[in-house]
Amino acid sequence: MKNVVVVGSQWGDEGKGKIVDWLSSEADVVVRFQGGHNAGHTLVIDGTTYKLRLLPSGVVRKNKVSIIGNGVVVDPWALLDEIKEAKTKGVEINENNLILSEAATLILPFHKELDEIREDSAGNSKIGTTRRGIGPAYEDKVGRRSIRVMDLTSKKNLDNRLSVVIEHHNAIRKGLGKPIYQKDKLLEDLLKLAPNILKYSAPVWKKIDQFKSENKKILFEGAQGILLDVDHGTYPYVTSSNTVAASAATGSGCGPNSINFVLGITKAYTTRVGEGPFPTELKDDTGNKNFRH
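Residues numbered from 1 in each chain as written. Predicted model: local features only at pLDDT ≥ 70, side-chain atom pairs only at ≥ 80, totals over all residues. Heavy atoms only, no water.

Q: Looking at this structure, how should I read the pairing of strand S4 (residues 48–52)?
A: Each regular strand carries side chains that alternate between the two faces of the sheet. Where strand S3 (residues 41–45) lies against S4, five bridges are found, and the strand directions are antiparallel. Residue pairing for S4: Val44 is matched across the bridge by Thr49. (Pairing = 2+ DSSP bridges. Helix = DSSP H or I, 4+ residues; strand = E, 2+ residues; numbered from the N terminus.)

Q: Sorry, what's going on with the packing of aromatic side chains here?
A: The geometry of an aromatic ring pair is captured by two quantities: the separation of the ring centres and the angle between the planes. Counting across every chain of the model gives one aromatic pair. Seen from their ring centres, Phe110 and Tyr181 are 5.4 Å apart, and the 80° between their planes marks the pair as edge-to-face. Within this pair, whereas Phe110 is found in helix H3 (residues 109–121), its partner Tyr181 is found in the loop between helix H5 (155–175) and helix H6 (183–198), the two being separated by 71 residues in sequence. On the accessibility criterion, Phe110 (1% relative accessible area) is buried. We classify Tyr181 as buried; its relative accessible area is 16%. (Phe/Tyr/Trp six-rings, centres within 6.5 Å; stacked < 30°, edge-to-face > 60°. Buried < 20%, exposed > 50% of the residue type's maximum accessible area, 1.4 Å probe, protein only.)

Q: I would appreciate a short explanation of the pattern of salt bridges in the present structure.
A: Oppositely charged side chains can pair when the atoms bearing their charge come close. Applying the stated rule across the entire model yields nine salt bridges. A salt bridge links Arg53 to Glu85, with the shortest nitrogen-to-oxygen separation between them at 3.2 Å. Placement of the pair is Arg53 in the loop between S4 and strand S5 (65–68) and Glu85 in helix H2 (residues 76–88), with a sequence separation of 32 residues. Residue Arg53 is classed as partly exposed on the basis of its relative accessible area of 24%. A relative accessible area of 30% means that Glu85 is categorised as partly exposed. (Salt bridge = Lys/Arg side-chain N within 4 Å of Asp/Glu carboxyl O.)

Q: Please explain the environment of Trp205 as it appears in this structure.
A: Position of Trp205 relative to the elements: it lies in helix H7 (residues 204–213). With 65 residues separating them in the primary sequence, Trp205 and Thr270 have C-alpha atoms 35 Å apart. Trp205 has contacts with Ser252 and Gly253, leaving out every residue within four places of it along the chain. (Contact = heavy atoms within 4.5 Å.)

Q: I keep staring at the environment of Ala194 and nothing clicks. Help me out?
A: Considering the arrangement of structural elements, one finds Ala194 in helix H6. C-alpha separation for the pair Ala194 and Ser101, spaced 93 residues apart in sequence, amounts to 14 Å.

Q: So what exactly am I meant to see when it comes to the side chain of Arg272 here?
A: Examined against the element boundaries, Arg272 turns out to sit in the segment after strand S11 (261–265). Of the polar contacts made by the side chain of Arg272, one reaches the side chain of Thr234; its length is 3.0 Å. Within polar-contact distance, the side chain of Arg272 engages the backbone oxygen of Tyr237 at 2.5 Å. Among all residues touching Arg272, those that are not within four sequence positions of it are Trp11, Leu228, Thr234, Tyr237, Pro277, Phe278, Pro279, Thr280 and Glu281. (Polar contact = N/O pair within 3.5 Å; in protein donor to acceptor, adjacent residues only side chain to side chain.)

Written out as structure tokens, the structure is:
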């Protein structure tokens, strides 16, 4: 097996998780390189169902290294909950088999609130986000005011960085007639969870370079689909990251020569949830029925 990037060739939900799980049996390293915890991959292995959102699909297999790259925006509370849930199902997760990029941007509570405020006020122009703060977190990343994993190492630095980003968000909140966000409680909460997050933190680009020198087989796992790419998709009804195969390099810190093969996953009966062109989601009584037996 060569180093492979797996991407969805439509609007997501093509069954990438199944393919990634199948390929991960041959891979040594599995890398998530973009998106957030809206991109759920459901795996069923030996009768056990695993619902993965941030964790790479390879985490459920033994003797694999799972990497969350710098291109992913990470809700730290959601990540810890997902790790806890996986452990209850017998999945071993530790600092040796899970690596989180120190440069990954954090999704914070005010990101989720802004996501909800915008969707609720957009009317017919809403994007159809999952309201989990992913878009606003990417906005702060591009605006150079985001909190990154590495910021959790210093209380003083974290305090300063929070002041910058909260000042920005409070200006928006005031304009929308919403209460301003207070920093002190969030600072306390982040410092409390910091040790549990930082133990997985490392410079991912360096780790991948090491694995390449050791001739490890690397599998890059994409989220969503290419028609949701912020540059190449059905804009503005897209996600906030680049979902095409090329972003595997920038989202993990490796060079494009690290990618040997691109595998696009397509399904015969195309579907699209949310808003935008070609919606196929039924939002009536039929759509709410559960047809599984």
